Amino acid sequence: MSLLTIEEPAAEARHPLWAGGHAFWALGFRPFYVLAAALAVLAVPAWLSHYLGWLVWSPNITLAWHMHEMVFGFAIAVVVGFLLTAVRAWTGLWTPRGMHLAGLALLWTLGRVTMLTGPAWLAAVIDLSFLPLAAWSLYRVLHRAGNKRNMFLVGLLALLALANGVFHAAAMGLVPLSVFAPIHAAILLVVIIESVIGGRVIPMFTDNGAPGTPKSVVRPRNDKIALAVVAAAAAGWVFGAPGPLMAALALVASVATAIRLAGWRPYRSVRVPLLWILHLSYAWIPIGFLMLGLAALGVGTASTALHALAVGSMAGLIVGMITRTTLGHTGRKLVAGRAEVAMYALIQAGAVIRVAAGMAPPEWRASLLTVSGACWSLSFALLLLVYAPYLWRARIDGKEG
């Protein structure tokens, strides 16, 4: 007669952080989500304290530094982390992990340090190395898998790398161009990425997370038109289209994006925080383009419009996607608790207050910027507090990644 053997579950393998086997280096979302959130928590208070004259942290902290780091530091880290994870799921092939992933994360971190403390030439060399290497890593996997459908994302990363190169060239006086022009271009490129990825996942997540009828309406032909006009409006702004033409392009982009969002039935998401944060954040895209069109006609400012896109849509979608993908890719239930709702509410409040700061009387501006910055930093601090342990440890279901 055979005996039944009852054994303890295998303990999680322990590896030091500097070893490739540590869970932190298992898949791209892990280090880049943590690093991006940490930068978000620290960089905005550093900039505001400098801007408002409270404390000068470094002579390198300028408006150009602030804008660069929010796009080419913070947003790009999340985009790369998300794509490294998504391409793994799309192709079934491994994107960088282990020491390869650790090397990319270290390079990104060195870029942030040198942008803050180093000479301009050294910051440029290190910072400009990251995006091409990340894009090449994604290209190799997509090419090997024959995944042509998503190859355009590598092209968008290449355009972001080009914009970053133009920024550094302008900052060092090598080209007669404002440093803000390539940053505006990068913000709008990220909006295009959001439009593409959002159109793929938001209606799907909504139908899966809020079952029932009516389902989301997705019309591929209309989606292509909406993406085309968004790209056209972005190009118009970057290349300096005349005011009336730019206003028309932005208005069409705003309407097309709003119609697209309406088809996804956002009202179905009201009771599901993991969904309403995506719909609400995406809604800032038509709002931002409307404001950009008005700015082209001299009504309002471009800064306020771009903050609507950068804080409302970009940061809002980032918080929503970080929480959702982390829960899913660490084996946890796709359920938002009080902490997640607080993160979502804070980042959206920060967006509303930041836009209000651009429209309010000058004597209110400092107070509104302070409150907006506090909302931003609290949102990402809470994100770090709750989600860093998830990202640090292995999946609870024992799977790889």
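Here is what the cut-offs are and how they apply
- Residues numbered from 1 in each chain as written.
- Predicted model: local features only at pLDDT ≥ 70, side-chain atom pairs only at ≥ 80, totals over all residues.
- Heavy atoms only, no water.
- Helix = DSSP H or I, 4+ residues; strand = E, 2+ residues; numbered from the N terminus.
- Rg over C-alpha atoms; globule rule 2.2 N^0.38 Å.
- Buried < 20%, exposed > 50% of the residue type's maximum accessible area, 1.4 Å probe, protein only.
- Contact = heavy atoms within 4.5 Å.
- Areas by Shrake-Rupley, 256 points an atom, 1.4 Å probe, with all protein chains shown as cover.
- Lys, Arg positive; Asp, Glu negative; His and termini not counted.
- Charge placed at Lys NZ, Arg CZ, Asp CG, Glu CD.
- Patch = residues over 30% accessible without salt bridge, like charges linked within 9 Å, V, L, I, M, F, W, Y side chains within 5 Å.
- Salt bridge = Lys/Arg side-chain N within 4 Å of Asp/Glu carboxyl O.
- Polar contact = N/O pair within 3.5 Å; in protein donor to acceptor, adjacent residues only side chain to side chain.
- Expected span 1.5 Å × (residues − 1).
- Bend = angle between axes of the 7 residues up to and from the residue.
- Axes fitted to C-alpha atoms, helices over the stretch in contact; angles between N-to-C directions.
- Parallel < 35°, antiparallel > 145°, perpendicular 65-115°, else oblique.
- Left-handed = near helix turned anticlockwise from the far one by under 90°.
- Phe/Tyr/Trp six-rings, centres within 6.5 Å; stacked < 30°, edge-to-face > 60°.
- Lys NZ or Arg CZ within 6 Å of the ring centre and 35° of its normal.
- Core = buried A, V, L, I, M, F, W, Y, C linked by side-chain atoms within 4.5 Å.

Enquirer: Got a sec to walk through the overall build of the protein? Specific residues and values, please.
Expert: Helices and strands together make up the secondary structure of the protein, namely twelve helices and zero strands. Reading the protein from its N terminus to its C terminus gives the helix and strand order α-α-α-α-α-α-α-α-α-α-α-α. Expected size for 401 residues packed as a compact globule is a radius of gyration near 21 Å; at 21 Å, the protein falls within 12% of this value. Its C-alpha atoms give the protein principal-axis dimensions of roughly 90 × 55 × 45 Å. Within the protein, the proportion of its 401 residues that are buried is 52%. A separation threshold of at least 6 residues defines the contact pool for the protein, and within that pool the share at least 24 residues apart is 77%. Accessible area of the protein: about 18200 Å², with a carbon and sulfur share of 70%. Each charge sign in the protein was given a centre, from 27 positive and 12 negative side chains, and these centres are 9 Å apart.

Enquirer: Go over a nonpolar patch on the surface, please, and point to the residues and values.
Expert: Together, Leu 251, Val 255, Ile 259, Leu 290, Leu 294, Leu 297 and Val 299 line one region of the surface with nonpolar side chains, adding up to about 610 Å² of accessible area. When you line up the elements, Leu 251 lands in helix α8 (residues 243–263). Here Leu 251 falls in the partly exposed class, since its relative accessible area comes to 46%.

Enquirer: Which residues make up the side chain of Thr 114, and what values do they have?
Expert: Note on placement: Thr 114 falls in helix α3 (residues 98–117). Here the side chain of Thr 114 touches Gly 111 through a polar contact of 3.2 Å, landing on its backbone oxygen. Setting aside chain neighbours within four positions, we find Thr 114 in contact with Asn 60, Leu 122, Ala 123 and Ile 126.

Enquirer: Help me get a handle on the pattern of salt bridges, residues and values and all.
Expert: Within the structure shown, the criterion is met by six salt bridges. Between Arg 395 and Asp 397 there is a salt bridge, and its shortest N-O distance comes to 2.6 Å. On the accessibility criterion, Asp 397 (35% relative accessible area) is partly exposed.

Enquirer: If you had to explain helix α2 (residues 63–91) to someone new, which residues and values would you point to?
Expert: Given a rise of 1.5 Å per residue, 29 residues ought to cover 42 Å, and the 40 Å separating the end C-alpha atoms of α2 matches this to within 8%. At Ile 76, α2 is deflected by roughly 35°, the largest bend along its length. Of all 29 residues making up α2, 25 are buried, and the element is well covered by its neighbours. Just beyond α2, the residue with positive phi is Gly 92, at close to 75°.

Enquirer: Quick rundown of the packing of helix α1 (residues 29–51) against α3? Include the residues and the values.
Expert: At their nearest, the axes of α1 and α3 sit 10 Å apart, and the two run at 15° to each other. The angle between the axes of α1 and α3 places the two elements in the roughly parallel class. Viewed along their axes, α1 and α3 form a crossing whose handedness is right-handed. Contacts between α1 and α3 involve Pro 31, Phe 32, Leu 35, Ala 36 and Leu 39 from the former and Leu 101, Leu 104, Ala 105, Trp 108, Thr 109 and Arg 112 from the latter.

Enquirer: How would you summarise the packing of aromatic side chains if you had to cite specific residues and measurements?
Expert: Going through the model one piece at a time under the given rule, you end up with twelve aromatic pairs. Ring centres 5.1 Å apart and planes at 70° place the aromatic pair Tyr 387 and Tyr 390 in the edge-to-face group. Here Tyr 387 pairs with Tyr 390, and both are found in helix α12 (residues 362–392), just three residues apart, close to one helical turn. One aromatic cluster is present, formed by Phe 24, Trp 25 and Trp 392 through successive ring pairs. Lying over the aromatic face of Trp 108, Arg 112 brings its terminal NZ or CZ to 5.2 Å of the ring centre. The ring of Tyr 390 carries the charged tip of Arg 332 above its face, separated from the ring centre by 3.9 Å.

Enquirer: Mind laying out the nonpolar core, listing which residues take part and the relevant values?
Expert: Ranked by size, the top nonpolar core spans 128 residues in total, and within it Phe 32, Phe 74, Phe 130, Leu 160, Phe 289, Trp 376 and Phe 380 carry the most contacts. Those residues in contact with Trp 376 that lie beyond four places of it in its chain are Ala 40, Val 44, Met 70, Phe 74, Val 311, Ala 315 and Ile 347.

Enquirer: Can you break down the side chain of Ser 379 residue by residue, with the values?
Expert: By secondary structure assignment, the location of Ser 379 is in helix α12. Ser 379 sits in the buried class, given a relative accessible area of 1%. Apart from residues lying up to four places away in sequence, Ser 379 is in contact with Val 319, Met 343, Leu 346 and Ile 347.

Enquirer: Could you give me a rundown of helix α11 (residues 338–359), with the residues and numbers involved?
Expert: For α11, spanning 22 residues, the distance from its first C-alpha to its last is 32 Å, which sits close to the expected 32 Å at 1.5 Å a residue. Burial in α11 covers these residues: Glu 340, Met 343, Tyr 344, Ile 347, Gln 348, Gly 350, Ala 351, Ile 353, Arg 354, Val 355 and Ala 357. Looking at the buried side of α11, the elements it contacts are α9 (273–296), α10 (302–329) and α12.

Distances and angles like these do not, on their own, reveal function.
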